[in-house]
Amino acid sequence: MNDCLFCKIIAGEIPSEKVYEDEYVYAFKDINPVAPVHVLVVPKEHIACADEVTDKNSGSVAKVFEAIAKIAEKLGIKGSYRVVNNCGENAGQTVFHMHFHLIAGGSFGWPPC
Ligand code: AMP
Ligand code: ZN
């Protein structure tokens, strides 16, 4: 049995506020936004984290970035957003289905810590 929260959201078993969907990617509003725009962009293929990207599944990651460009256009944030991927507990990953935080609308500092 697949106990993955994001697999369940992608399958529609857990509700979400969908922003975008195609054959490879599902994107929805983060339940706990850190900025005025905070969307999670997720490959439908279950990949636990960036450590598990290989030549077999990297196409799913490329599709995520194609989707990000479309979502940015749709949300009117082109050229003004940050994409964040946390890999591992020490980096703040809490859901172990790889995902990309698309955040915009605030003023972001750099470096992040
Ligand atoms: P991370 O900490 O990088 O693993 O990001 C996980 C993100 O998932 C957090 O920003 C959470 O707020 C978000 N999250 C957790 N559960 C849900 C949910 N049911 N719907 C939308 N976002 C969620
Ligand atoms: Zn999953």
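Draft legend 1. Molecular detail of the coordination of the zinc ion (ligand 2). Summarising the metal site, the zinc ion (ligand 2) is bound by the protein donors C4 (SG), C7 (SG), H46 (ND1) and H97 (ND1), whose distances to it range over 2.0 to 2.3 Å. Taken together, the four donor atoms coordinating the zinc ion (ligand 2) and their angles of 103 to 117° define a geometry best described as tetrahedral. On the accessibility criterion, H97 (0% relative accessible area) is buried.

Draft legend 2. Just the environment of K44, in detail. With respect to the helices and strands, K44 occurs in the loop between β3 (37–43) and α2 (58–75). When sequence neighbours within four positions are dropped, the list of residues in contact with K44 reads I10, E21, D22, E23, Y24, V25, Y26 and H97. A distance of 2.7 Å separates a polar side-chain atom of K44 from the backbone oxygen of D22.

Draft legend 3. Layout of the site of ligand 1. D30, N86, G92, T94 and H101 are the nearest of the 16 residues found near ligand 1. Taking D30, its side chain carries an N or O atom lying 2.5 Å from an oxygen atom of ligand 1. Take I31: an N or O atom from its main chain is 3.1 Å from a nitrogen atom of ligand 1. Burial of ligand 1 by the protein chains amounts to 83% of its free accessible area of 510 Å². When atoms are counted within 2 Å of each cavity's grid points, the one that captures over half of ligand 1 is the largest pocket. Elements with a minimum of two residues in the shell around ligand 1: α1 (5–10) and β2 (25–29). Broken down by element, the shell around ligand 1 gets its largest block of residues, three residues, from α1. Split into classes, the residues belonging to the shell around ligand 1 amount to seven nonpolar, seven polar and two charged.

Draft legend 4. Molecular detail of the side chain of S60. Tracing the backbone shows S60 in helix α2. With relative accessibility at 10%, the residue S60 sits in the buried group. Within polar-contact distance, the side chain of S60 engages the side chain of E45 at 2.5 Å.

Draft legend 5. Spatial organisation of unusual backbone geometry. W110 connects to P111 through a cis peptide bond whose omega is 5°. The residue P111 is located in the segment after β5 (100–104) in this model.

Thresholds, definitions, all that
Residues numbered from 1 in each chain as written. Chains lettered and ligands numbered in written order. Predicted model: local features only at pLDDT ≥ 70, side-chain atom pairs only at ≥ 80, totals over all residues. Heavy atoms only, no water. Donors = N, O, S within 2.8 Å, 3.2 Å for Na, K, Ca; no water. Tetrahedral: all angles 85-135°; square planar, octahedral: opposite > 155°, others 65-115°. Buried < 20%, exposed > 50% of the residue type's maximum accessible area, 1.4 Å probe, protein only. Helix = DSSP H or I, 4+ residues; strand = E, 2+ residues; numbered from the N terminus. Contact = heavy atoms within 4.5 Å. Polar contact = N/O pair within 3.5 Å; in protein donor to acceptor, adjacent residues only side chain to side chain. Near = heavy atom within 4 Å. Areas by Shrake-Rupley, 256 points an atom, 1.4 Å probe, with all protein chains shown as cover. 1 Å grid on protein atoms, 1.4 Å probe; cavity = no way out; pocket = protein on both sides within 12 Å on 5 of 7 lines; lining within 4 Å. Sits in = over half its atoms within 2 Å of the grid points. Nonpolar A, V, L, I, M, F, W, Y, C, P; charged D, E, K, R; others polar.

Just distances and angles here, no functional claims.
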